[in-house]
Amino acid sequence: MRNFKKVVAMTLIAASTASLAACGSGSKDNGKKKITLAWWGGDSRHTATKAAVEKWKATHTDFEVDLQYNSWDGYEDKMSTKFASKTQADINQINWGWLNAYNKQANLFMDLNDSKLGGKLDLTQFDEKYLNQCKDSNGKVVAVPVSITGRIFYWNMTTFKAAGIEKAPTTYDELKAAGQKFKEKLGDDYYPLALNELDRTILMVNYLESKYNKEWVTDNKLNYNESEIKEGYAFIEDLENNHVIPTLKKLIGDGADSLDKNSNWIDGKYAGIFEWDSSAVKFQKALNKDKKPEFVVGDEIKFGDNKGGYTKISLAFAISQNTKFPAECADLVNFLLNEEDGVKEMGLERGTPLSKKALSTLDAAGKLKGDMVTEANAKVIANSPFQMDPTFEDQKLKGSTGAYYTTMQNASYKSKSLDDAAKDLVTAINEVLGSNK
């Protein structure tokens, strides 16, 4: 049962000693009823969410909301422990893949059409096709989708222009040529693009889908063989060899736990990212303003004759089965996603919203026109023909010791051949798919 196995011993001990008040299932605090809300994100998302919650509390004076927030780094590991011991918060921001990885076995989240919610959550604001992706194995909607996201290129054009490049790359040849120009004009420490292990894997899949015009996984079956996947690793190696991306030895040696905190990104030495459209704001805000960075949304890069890449539900909100206050939890989620005061505070911090009311509110407030997140999201939807399979984000693959990380590191460090990297990845994916049956 995936992460449950690796944390079961720890969680059994924790469950036996933890107090009920700390279990995130609703309690009383200083005479007020208390519910807990958990999420991950950057500072701007934290600020927006806290402001929205304060507005909700202003009309619910008998409630306190315990806010449990952090950055993404290590967040899923912490949550997997809570899910295993069923001590999750009353309201949880969840990754879409968690419905398959955790809720499937543990029945963690409430049916959002349950009468206990008192009709407080207006699901009619969300397209049925997205609600269907948030159903459990019993066909119940157990999470409300917030936004759709996909990966897209972003460029710091200030650095590109310093290298004598006036236009961002839109073809594979232009991307490789940019790598050589960066090296010649700016020096060995400058790169057009920086990619960690997960970024590389997602871009590799994009490349292969562009070339072969077939989805990565369908009906619990990997559609690519070892030979084809080896071509993907060779593509990533080609980016390293042409000075488009730094090696993983170089990137890891920078000593930053995430790219937005990497001094080479902040100072413009790394001039591009391949990032979720809903997450790029933190990278923009991290740039050194003294260098007057021109941060822009890129266009699709043609890697083959077809469009590649996928979209997914970026995140969702789910209400714990253990909450003592289901109606109030539903009311708070509805406030954050559908009601004008909540929507205005939340803004676009979780991407372009799927809620019809939220879109209308933000449009009327002039928040969508000319907005970078909205522009990027439109490009992603136009250029990403596939939908991500939920097993793609399984921790055995995506975790810091998972196959995406180990195989990309082995290929970059040349500690294993590309044939072995491809074989190892296929083996790991098939193991995950086998356990998903």
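Within every chain, residues take consecutive numbers counted from 1 along the sequence as written. pLDDT decides what is reported in this predicted model: residues at 70 or higher carry local features, side-chain atom pairs at 80 or more are listed and counted, and totals for whole chains, interfaces and linings draw on all residues regardless. Neither water nor hydrogens contribute to the side-chain values; these are computed over all heavy atoms in the structure.

Glancing now at the state of the cysteines. Any pair of cysteine sulfurs within 2.5 Å is marked as a disulfide. According to the stated counting rule, one finds 0 disulfides in the structure shown. Sulfur of Cys 134: no disulfide; nearest cysteine sulfur belongs to Cys 329 and is 18 Å away. Throughout this description, buried means an accessible area under 20% of the type-specific maximum (1.4 Å probe, protein chains only), exposed means over 50%, and partly exposed covers the range between. By relative accessible area, Cys 134 is classed as buried at 0%. Residue Cys 329 is classed as buried on the basis of its relative accessible area, which comes to 0%.

A few words now on the pairing of strand 5 (residues 144–156). Helical segments are the DSSP runs of H or I of at least four residues, strand segments are the runs of E of at least two, and each set is numbered from the N terminus. Here strand 5 lies mainly inside the structure; 13 of its 13 residues are buried. For two strands to count as paired, DSSP must find a minimum of two bridges between them. One ladder, built from 6 bridges, connects strand 5 with strand 10 (residues 310–319); its direction is antiparallel. When the bridges of strand 10 are listed, Thr 149 appears paired with Lys 312. Judged from the 5 bridges that link them, strand 5 and strand 8 (residues 272–276) form a sheet pairing that is antiparallel. Residue pairing across strands places Trp 155 opposite Gly 272, the latter belonging to strand 8. Across 3 bridges, the pairing between strand 5 and strand 9 (residues 295–297) is antiparallel. From the neighbouring strand, Trp 155 faces strand 9, where its bridge partner is Val 296.

Formed by 135 residues in total, the largest nonpolar core has its most connected members in Trp 216, Ile 229 and Tyr 233. The greatest single-element share of this core, amounting to 9 residues, is contributed by helix 19 (residues 418–435). Excluding residues that lie within four positions of it along the chain, Tyr 233 makes contacts with Met 204, Thr 407, Met 408, Ala 411, Leu 418, Ala 421, Ala 422 and Leu 425. Residues belong to one nonpolar core when they are buried, are Ala, Val, Leu, Ile, Met, Phe, Trp, Tyr or Cys, and are joined through side-chain atoms within 4.5 Å. Contact definition: two residues touch when any of their heavy atoms are within 4.5 Å.

With that settled, the discussion passes to the packing of aromatic side chains. Under the pairing criterion, centres of Phe, Tyr and Trp rings, with the six-membered ring standing for Trp, must be within 6.5 Å; the plane angle then separates stacked pairs below 30 degrees from edge-to-face pairs above 60, leaving the rest tilted. By the definition in use, this model includes 30 aromatic pairs. Ring centres of Trp 40 and Trp 98 lie 5.5 Å apart, and the angle between their planes is 50°; this geometry places the pair in the tilted category. Placement of the pair is Trp 40 in strand 2 (residues 32–40) and Trp 98 in helix 4 (residues 98–106), with a sequence separation of 58 residues. A residue is classified by how much of its surface remains accessible, and Trp 98, at 2% relative accessible area, is buried.

One less than the residue count of a helix, multiplied by 1.5 Å, gives the span that helix is expected to have. The end-to-end C-alpha distance of helix 19 is 26 Å, a good match for the 26 Å that 18 residues give at a rise of 1.5 Å each. Packing partners of the buried residues in helix 19 comprise helix 8 (197–212), strand 6 (217–218), strand 7 (221–222), helix 9 (226–241), helix 17 (395–398) and helix 18 (403–413).

Right, let's talk about the pattern of salt bridges for a bit. Any carboxyl oxygen of Asp or Glu within 4 Å of a side-chain nitrogen of Lys or Arg constitutes a salt bridge here. All chains considered together, the criterion is met by 22 salt bridges. Among the ionic pairs, Glu 64 bridges to Lys 32, the shortest N-O distance being 3.6 Å. Of this pair, Glu 64 sits in strand 3 (residues 63–70) while Lys 32 sits in strand 2, placing them 32 residues apart in sequence. Using a relative accessible area of 24% as the deciding quantity, one classes Glu 64 as partly exposed. Note on Lys 32: relative accessible area 31%, which makes it partly exposed. One salt bridge connects Lys 398 with Glu 393, and the closest N-O pair in it is separated by 3.7 Å. Comparing Lys 398 with Glu 393, the two get one shared label, buried. It is possible to trace a salt-bridge network through shared partners that takes in Lys 32, Glu 54, Lys 57 and Glu 64.

Quick look at helix 2 (residues 43–58) now. Helical periodicity: at 3.6 residues per turn, an α-helix aligns residues three or four positions apart in one direction. The terminal C-alpha atoms of helix 2, which comprises 16 residues, lie 23 Å apart, in line with the 22 Å expected from a rise of 1.5 Å per residue. Regarding helix 2, the residues found buried are Ser 44, Arg 45, His 46, Ala 48, Thr 49, Ala 52, Val 53, Trp 56 and Lys 57.

Turning to the environment of Glu 237, a few remarks are in order. With respect to the element layout, Glu 237 can be found in helix 9. Look at Glu 237 and you get partly exposed, because its relative accessible area is 25%. Between the C-alpha atom of Glu 237 and that of Val 53, which follows or precedes it by 184 residues, the distance is 46 Å. Contacts of Glu 237, omitting those with residues within four sequence positions, involve Lys 414 and Leu 418.

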